[in-house]
Amino acid sequence: MAAPTIAPISVALEDFSGSGRVATPALLTAMLRAAEKISDLIFSPGRPPQVQVYGQMIPVQVSGLTVLTADDTRHISADLIGDNKQAITTLREHGACDISYGLPGLARFRVNIFIQRGSCAVVMRVIPTNIPDFASLRLPQQLSEITKLKDGIVLVTGPTGSGKSSTLAVLLDAINREKYYHIITIEDPIEFLHNHKCSTIHQRELHSDTPSFAHALRSAMRQAPKVILVGEMRDRETIEIVLEAAETGHLVFSSLNTMDASKTVERIVSSFSPAEQQSARERFAKSFRYIVCQRLISKVDRSGRVAAFEILKASARTRECIEKGERENNTLLDAMKAGSSDGMQHFDSEIAQLVQDRVIDLETGLSFATNPATLGQELAR
């Protein structure tokens, strides 16, 4: 099926700055109105402004701005960064920086500005102004049990753009509405804005509020939170402090860019030195409560994408498997297959159901499967 098309967009003359270029807020506003379900805005020299809709890149024609130049993307970058000196320094020293940006009353963005071929490029992830709920994201109902946990580690994993931040926001908002807790989030940058509800919630942004995840986590241990959200576990030090927080009675949420539950455990364990890995296995086995992995898959009619979820839950079997390592006939996948009555599920079973329900086609399903050959054989039967 052909990719959806977007009619050319015209920006009124008053939306141009005094320099004769399109004002960045007006450009962003026009692009957001180009189509529904826009996930990203992309600005690259030599290309027109583009939006991403259901994973497809679509050019947006703006009068007076047919193709972006290096000067255009540099000006857009400067407008987005503003007077954020830390971001300017990071961009100069490391070639990329992450910031947040908002259009009041319209949208917020997680922004990555990076240098390529000597010029600036910009990718802006659209963050909804309203926090979604279980129904709108079609989260498995058994995940509501997570909001009742008292302590431990809950990880939401998946590739970039799979909706991890949205899932975490839903879980945190449910706790915020139901529990009288102190909640601290540490994010890079802050994405969904949470208001105080039953809980008191404080959100800290990397660089502007704290120099690092590890520093903020250590501070959080002295700030009496019940729940801590760490945007991403990027290094061994952060993982170590997350384990420590869980072991001292905190409920910790975080994310990893891993494809399934097994690879998530591998990533965590491999962050430690060989001499420390067995201890890390034992500590994580005792501390983890859920690993939720997700993948967004294009629907057969190309009307959007549907999420497939893998859910690993702490049990005697899954803890033993993590602590002692996976062995033949005793893998995390085996445990998830056997744990369906406890709310566990694995990707290929969920993908098979989506194919059988004709939500996704077979070819697409196989391309997202953990074991395409086995899934193909099961579907053939």
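Given the structure is predicted, the values throughout are model-derived calculations rather than measurements.

**Q** Report on the overall build of the protein chain, specifying residues and quantitative values.
**A** Within the protein chain one finds 14 helices and 13 strands. Its C-alpha atoms give the protein chain a radius of gyration of 22 Å, near enough to 21 Å, the size a compact globule of 381 residues would have. For the protein chain, the spread of C-alpha atoms along the three principal axes comes to 65 × 55 × 40 Å. Split into buried and exposed, the 381 residues of the protein chain put 50% on the buried side. Partitioning the contacts of the protein chain with sequence separation of at least 6, the portion at a separation of at least 24 is 56%. Taken as two groups, the 42 positive and 44 negative side-chain charges of the protein chain have centres that lie 2 Å from each other.

**Q** So what's going on with the sheet that holds strand E11 (residues 251-256)? Which residues, and what values?
**A** Judged by pairing direction, the sheet is mixed, and its seven strands sit side by side in the order E9-E8-E10-E11-E7-E12-E13 without closing on themselves. Of all the strands in the sheet, just strand E9 (200-205) and strand E13 (305-313) have a single pairing partner and so form its edges. Between one strand and the next, the sheet's axes are offset by a mean angle of 15°, whatever the strand orientation. Looking at chain direction, strand E8 (residues 182-187) and E9 are connected through six bridges and run parallel. In the sheet register, Thr185 faces E9, and the bridge partner there is Gln203. Sheet contacts for helix H7 (residues 236-247): strand E7 (152-157), strand E10 (227-230) and E11; angle to E7, the most-contacted strand, approximately 135°. Packing against the sheet, helix H9 (residues 277-287) makes contact with E7 and strand E12 (288-298), and its axis sits at approximately 85° to E12.

**Q** Which residues make up the confidence of the model for the protein chain, and what are the values?
**A** Summary statistics for the protein chain give a mean pLDDT of 91 and a share of 95% for residues scoring 70 or more. Low pLDDT, under 50, characterises residues 1-9; the stretch is placed with 17 contacts to residues that sit more than four places away or in other chains. Residue range residues 11-18 is modelled with pLDDT below 50. Its contacts to residues more than four positions away, or to other chains, number 15 contacts.

**Q** Give me the side chain of Thr185: which residues, what numbers.
**A** Tracing the sequence through the fold places Thr185 in strand E8. Sequence-distant contacts of Thr185, that is, excluding residues within four places in its chain, are made with Leu172, Ile201, His202, Gln203, Arg204 and Leu229.

**Q** Now, about the pairing of strand E3 (residues 56-59): what can you tell me, with residues and values included?
**A** Where strand E2 (residues 50-53) lies against E3, four bridges are found, and the strand directions are antiparallel. By the bridge assignment, Val53 is partnered in E3 with Gln56. Here E2 folds back onto E3, and the loop between the two strands holds two residues, one of which, Tyr54, carries a positive phi near 50°.

**Q** Give me the environment of Ile113: which residues, what numbers.
**A** Mapped onto the elements, Ile113 comes out in strand E5 (residues 107-116). With 35 residues separating them in the primary sequence, Ile113 and Ala78 have C-alpha atoms 9.8 Å apart. Filtering out sequence-adjacent residues up to four positions away, Ile113 remains in contact with Ser77, Leu80, Ile81, Leu91, Gly95, Ala96, Cys97, Ile99, Ala121 and Val122.

**Q** I'd like a description of helix H1 (residues 24-32), backed by residues and values.
**A** The buried fraction of H1 amounts to eight of the nine residues, a majority that puts the element mostly inside the structure. The inward-facing, buried residues of H1 abut strand E1 (38-43), E2, helix H2 (70-81), strand E4 (96-103), E5 and strand E6 (119-127).

**Q** Account for the sheet that holds E2, naming residues and giving values.
**A** Strand order across the open sheet formed by six strands is E3-E2-E1-E6-E5-E4, with antiparallel pairing between neighbours. Among the strands making up the open sheet, the edge pair consists of E3 and E4. Taken over all neighbouring pairs, the strand axes of this sheet differ in orientation by 25° on average, direction set aside. Along the sheet, H1 makes contact with E1, E2, E4, E5 and E6, crossing E1 at roughly 140°.

**Q** Any chance you could break down the packing of aromatic side chains for me, citing the residues and the numbers?
**A** In the structure shown here, the tally under the stated rule is two aromatic pairs. Geometrically, the ring pair formed by Tyr101 and Phe109 is tilted, given 6.5 Å between the ring centres and 35° between the ring planes. Note on accessibility: Tyr101 and Phe109 belong to one class, buried. Relative to Phe288, the ring of Phe284 has its centre 5.6 Å away and its plane inclined at 25°; by these criteria the two rings are stacked. The residues Phe284 and Phe288 share a single accessibility class, namely buried. Against the face of Phe347 rests Arg295, its NZ or CZ located 3.8 Å from the ring centre.

**Q** Can you lay out the state of the cysteines for me, pointing to particular residues and giving the numbers?
**A** Under the defined criterion, the tally for this structure stands at zero disulfides. Distance from the sulfur of Cys97, which forms no disulfide, to the nearest cysteine sulfur (Cys120) is 8.5 Å.

**Q** An account of the pattern of salt bridges is requested, with residue identities and associated values reported.
**A** Side chains that differ in charge, positive against negative, can pair when their charged atoms come close. Overall, the coordinates contain 15 salt bridges when judged by the stated rule. Across the pair Asp173 and Arg177 runs a salt bridge whose closest N-O atoms are separated by 3.0 Å. Linking Asp173 with Arg177, this pair stays in helix H5 (residues 164-178), spanning four residues, or about one helical turn. With a closest N to O distance of 2.8 Å, Arg283 and Glu247 form a salt bridge. One end of the pair, Arg283, is in helix H9; the other, Glu247, is in helix H7, with 36 residues separating them in the sequence.

The rules we used
- Residues numbered from 1 in each chain as written.
- Predicted model: local features only at pLDDT ≥ 70, side-chain atom pairs only at ≥ 80, totals over all residues.
- Heavy atoms only, no water.
- Helix = DSSP H or I, 4+ residues; strand = E, 2+ residues; numbered from the N terminus.
- Rg over C-alpha atoms; globule rule 2.2 N^0.38 Å.
- Buried < 20%, exposed > 50% of the residue type's maximum accessible area, 1.4 Å probe, protein only.
- Contact = heavy atoms within 4.5 Å.
- Lys, Arg positive; Asp, Glu negative; His and termini not counted.
- Charge placed at Lys NZ, Arg CZ, Asp CG, Glu CD.
- Pairing = 2+ DSSP bridges.
- Axes fitted to C-alpha atoms, helices over the stretch in contact; angles between N-to-C directions.
- pLDDT = per-residue confidence, 0-100.
- Phe/Tyr/Trp six-rings, centres within 6.5 Å; stacked < 30°, edge-to-face > 60°.
- Lys NZ or Arg CZ within 6 Å of the ring centre and 35° of its normal.
- Disulfide = S-S within 2.5 Å.
- Salt bridge = Lys/Arg side-chain N within 4 Å of Asp/Glu carboxyl O.

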